[in-house]
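Geometric and topological summary
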Amino acid sequence: MSFVKNARLLAARGARLAQSRSYSDEMKLTFAAANKTFYDAAVVRQIDVPSFSGSFGILAKHVPTLAVLKPGVVQVVENDGKTLKFFVSSGSVTVNEDSSVQVLAEEAHNIEDIDANEARQLLAKYQSQLSSAGDDKAKAQAAIAVEVAEALVKAAE
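Let us look at the structure shown here. (Residues numbered from 1 in each chain as written. Predicted model: local features only at pLDDT ≥ 70, side-chain atom pairs only at ≥ 80, totals over all residues. Heavy atoms only, no water.)

Considering the packing of aromatic side chains
Tallied over the entire structure, the rule returns four aromatic pairs. Look at Phe-31 and Phe-86: their rings are 5.2 Å apart centre to centre, the planes differ by 85°, and that puts the pair in the edge-to-face class. Remark: Phe-86 occurs in strand E6 (residues 83–88) and Phe-31 occurs in strand E1 (residues 27–33); sequence separation between them is 55 residues. Note on accessibility: Phe-31 and Phe-86 belong to one class, buried. Every member of this aromatic cluster is reached through a ring pair, and the members are Phe-31, Phe-38, Tyr-39 and Phe-86. (Phe/Tyr/Trp six-rings, centres within 6.5 Å; stacked < 30°, edge-to-face > 60°. Helix = DSSP H or I, 4+ residues; strand = E, 2+ residues; numbered from the N terminus. Buried < 20%, exposed > 50% of the residue type's maximum accessible area, 1.4 Å probe, protein only.)

So, in structure tokens, the structure goes:
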């Protein structure tokens, strides 16, 4: 089969697949952590998430995606324009074909609830643990704690 014929077949299949997908004009967000459920299938305008492959924004009709969250701020723009920010320590984000989005965090807190001074103290504590860690496992655990605490301090400021 020639290259041109293959390309035509692939283009036709892609067009049929795109037409068969049921992308929604509204986006439903479920955002939960072990400590709290923040949104449960709520219709929102936009979600911005920090991931290890880079931070990105999600709107309705976003391409289906699966990403690992890194420590940072998840920003949710509600339909009325109100913007809420949450600190997440880690987790995952899933964007589905029907424009539903699931943000599942290991731990999450509203930015307004974070005390910047306490966050800085926590960072200093973990930096001290990192510098005094005796073995590889302790160093790895402390390095992860420092990374999360640095993101927490940045979010709180």
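Thoughts on the pattern of salt bridges
Considering all chains together, one arrives at one salt bridge under this definition. The partner of Arg-120 in a salt bridge is Glu-157, with the nearest N and O atoms 3.2 Å apart. Of this pair, Arg-120 sits in helix H2 (residues 116–132) while Glu-157 is found in the segment after helix H3 (136–156), placing the two residues 37 residues apart along the sequence. (Salt bridge = Lys/Arg side-chain N within 4 Å of Asp/Glu carboxyl O.)

Structural notes on H3
Turn by turn, an α-helix covers 3.6 residues, leaving residues three or four places apart pointing in a common direction. Under the 1.5 Å per step criterion, the end-to-end length of H3 is 30 Å for 21 residues, consistent within 8% with the ideal 30 Å. Turning to H3, its buried residues number three or more, namely Ala-142, Ala-145, Val-146, Ala-149, Ala-151, Leu-152, Val-153 and Ala-155. (Expected span 1.5 Å × (residues − 1).)

Here's the deal with the pairing of strand E2 (residues 37–49)
Where E1 and E2 come together, five bridges link them in antiparallel fashion. Residue pairing in the sheet places Phe-31 in a bridge with Tyr-39 of E2. Linking E1 to E2, which pair antiparallel, is a turn of three residues. Alignment of E2 against strand E5 (residues 72–78), held across four bridges, turns out to be antiparallel. Bridge pairing in E5 places Asp-48 opposite Gln-75. For E2 and strand E3 (residues 56–58), the ladder comprises three bridges, and the chain directions are antiparallel. Pairing of Ile-47 across the sheet is with Ile-58, part of E3. Connecting the antiparallel pair E2 and E3 is a turn made up of six residues, with Gly-54 showing a positive phi of about 120°. (Pairing = 2+ DSSP bridges.)

Side note on the environment of Ala-156
Structurally, Ala-156 is set in helix H3. Separated by 83 residues in the primary sequence, Ala-156 and Val-73 have C-alpha atoms spaced 9.7 Å apart.

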